[in-house]
Amino acid sequence: MRLEWGPRPAALPWPAGMCAAERAEGAFTLQSVAQPMRPIASTATKCGNCGPGYSTPLEAMKGPREEIVYLPCIYRNTGTEAPDYLATVDVDPKSPQYCQVIHRLPMPNLKDELHHSGWNTCSSCFGDSTKSRTKLVLPSLISSRIYVVDVGSEPRAPKLHKACH
């Protein structure tokens, strides 16, 4: 299975448009977005002892390109009775798996409707070398559950760390 990315403006280090469609059994289409939201990437570079991420969005744009991204995938209103999942997508143009979903982490419950995700450590901790981005927080709109995913142990195959009900 492959993901088709929309046009990529030269100024952004991530795919823009997010015009992606996954075509496989139980398939669905990811909706296009007007403003590209930066997919959560595991390759956030640390600059020595300054902490996770970047000090500004401009500095992030100067950093290296992401190699993988995490996308919350939902089945709401598709007729498919399956748990939502977190897709890990290879976005390294040099990889033989470029633009492919390389891992799926299904959530343990149905009808969550995963929403925007975020790191356990935000950019405001940029100057704190004791912080790292090893957990991804996935809130759910319908169920109000919050899932915490371990992306630090195996970034290409994340595991569920905790579910808060």
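Located above this text is the structure these notes cover.
None of the values given here were measured: they were computed from a predicted structure.

1. Focus on the sheet that holds strand β9 (residues 146-150)
Hydrogen bonds between backbone groups are what pair the strands of a sheet, and the pairing can be parallel or antiparallel.
Then, in step 1: One open sheet accounts for four strands, arranged β7-β8-β9-β10; its pairing is antiparallel. Of all the strands in the sheet, just β7 (118-119) and β10 (159-164) have a single pairing partner and so form its edges.

2. Some details on the pairing of β9
Then, in step 1: Of all five residues in β9, four are buried; the element is thus mostly enclosed.
Then, in step 2: Where strand β8 (residues 135-139) and β9 come together, five bridges link them in antiparallel fashion. Of the residues in β9, the one forming a bridge with Pro139 is Ile146.
Then, in step 3: With antiparallel pairing between neighbouring strands as the criterion, β8 and β9 make up a hairpin whose turn holds six residues, including Ser144 at a positive phi of roughly 65°.
Then, in step 4: As paired elements, β9 and β10 share five bridges and run antiparallel to each other. Looking at the pairing, Val149 lines up with Leu160 of β10.

3. Comments concerning the pairing of β8
Then, in step 1: In the sheet, β7 pairs with β8 via two bridges, with the strands oriented antiparallel. Across the sheet, residue Gly118 finds its bridge partner in β8, namely Val137.

Quick notes on the rules
Residues numbered from 1 in each chain as written. Predicted model: local features only at pLDDT ≥ 70, side-chain atom pairs only at ≥ 80, totals over all residues. Heavy atoms only, no water. Pairing = 2+ DSSP bridges. Helix = DSSP H or I, 4+ residues; strand = E, 2+ residues; numbered from the N terminus. Buried < 20%, exposed > 50% of the residue type's maximum accessible area, 1.4 Å probe, protein only.

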